[in-house]
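# Summary of structural features
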Amino acid sequence: MDITVVFQIAAVGILVAVLNQVLKGAGRDDQATMTTLAGLIVVLFWIISHISDLFGTVQNLFQL
Amino acid sequence: MILQIAGGATIVVATSLLGWHFGGLGAKRARDLLEFKKSLIMLKSQIDYTIYTLPQAFLHISERVVPPFDIFYTKISQELEDSRGDISTIWGQAVSRLRFSYLHKNDMDNIALLGTSLGLADVDVQINSIDMVITTIDDTLTKLGVQNAKDAKMYRGLGVVAGLLITIVLL
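Residues numbered from 1 in each chain as written. Chains lettered and ligands numbered in written order. Predicted model: local features only at pLDDT ≥ 70, side-chain atom pairs only at ≥ 80, totals over all residues. Heavy atoms only, no water.

## Focus: unusual backbone geometry
What counts here: Helix and strand definitions here come from DSSP, where helices need a minimum of 4 consecutive H or I residues and strands a minimum of 2 consecutive E residues; each element is numbered from the N-terminal end.
With an omega dihedral of 5°, the bond running from B:Pro67 to B:Pro68 counts as a cis peptide bond. You can see B:Pro68 is positioned in the loop between α2 (54-62) and α3 (69-81).

Written out as structure tokens, the structure is:
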């Protein structure tokens, strides 16, 4: 697995947290929640193939 | 790699500029509302002292206000002079041309209401109607004063952070 994806996820996490704070500070809690959800979906989209690989490896390891 | 950095920088600059633009819209709306309020105060005094006819009063005001309100008053004055309909219709049409200003729809609806009493009712009713619109504008300006500072800060912050976020997602 490429280590870059870990840094990308960390950067997205930090920026989404900042966005969340900015929006909450302006009294836009709904948009803040939506931004957090969007960030989560983007990150899930990135790691879904890695999770699939992980499950495959676990299956092979325990011969399930 | 250099191309990626250049692309990322372009995105961040573009979103930051967008943030600055949206952050300034509230202040521009407040400036337009204040300018229109100024014109209404002039109109009120001209109706009160009955020095000029209504088309003349509009023409005098048009010389003292900034765009797009100068065109607004000039058009009304010209159309009234040419007798192209009753003042209510002419005023309503002129208000719809204010969509090129920074005023919102509810501001324009409030201004459009004035057309129903101008020139048709007696002086007191006309002045009361103008006062009512001025009070509504004052209320909006008070609300905007608090909201603008918050929104400007938010949009400018959002612009920069959204640019960085897009860049990271695209890398």
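## Here's the deal with the pattern of salt bridges
All names here are of chain B. Counted only if it meets this: A side-chain nitrogen of Lys or Arg and a carboxyl oxygen of Asp or Glu constitute a salt bridge if their distance falls within 4 Å. Buried, partly exposed and exposed residues are distinguished by accessible area as a fraction of the type maximum, computed with a 1.4 Å probe on protein chains only: under 20%, between the cut-offs, and over 50%, respectively.
All chains considered together, the criterion is met by eight salt bridges over all chains. The closest approach of N and O atoms between Lys38 and Glu35, which form a salt bridge, is 3.2 Å. Placement of both Lys38 and Glu35 in helix α1 (residues 2-49) is noted, with a separation of three residues, approximately one turn of the helix. Overall, Lys38 belongs to the partly exposed group, its relative accessible area being 40%. A relative accessible area of 12% means that Glu35 is categorised as buried. Ionic pairing is found between Asp138 and Lys37, a salt bridge with its closest N-O pair at 2.8 Å. Note that Asp138 is positioned in helix α6 (residues 123-170) and Lys37 in helix α1, a separation of 101 residues in sequence. Exposure remark for Asp138: the relative accessible area of 29% places this residue in the partly exposed category.

## A word on the interface of chain A and chain B
Inclusion rule: Only heavy atoms matter for contacts: two residues are in contact if any of them lie within 4.5 Å across the pair. When two parts are put together, the accessible area they lose, computed with a 1.4 Å probe and summed over both, is reported as buried area. Side-chain atoms alone can form a polar contact between residues adjacent in sequence; in general such a contact is a pair of N or O atoms within 3.5 Å, and within protein one must be able to donate a hydrogen while the other accepts it. Under the scheme applied, nonpolar residues are Ala, Val, Leu, Ile, Met, Phe, Trp, Tyr, Cys and Pro; charged residues are Asp, Glu, Lys and Arg; polar residues are all the others, including Gly.
Listed per partner, the contact involves 14 residues of chain A and eleven residues of chain B. Between chain A and chain B, a total of about 1,200 Å² is buried, with carbon and sulfur atoms accounting for 79% of that surface. Our enumeration of links across chain A and chain B arrives at one salt bridge. In this structure, the salt-bridge partner of A:Arg28 is B:Asp151, at a minimum N-O distance of 3.4 Å. The interface formed by chain A and chain B contains three residue pairs in polar contact (both at pLDDT 80 or more). Of all the secondary structure elements, the ones that give two or more residues to the side of chain A that touches chain B are α1 (4-25) and α2 (29-61) of chain A. Counting residues per element, the side of chain A that touches chain B draws most heavily on α1(A), at ten residues. Looking at the side of chain A that touches chain B residue by residue, the classes come out as eleven nonpolar, two polar and one charged.

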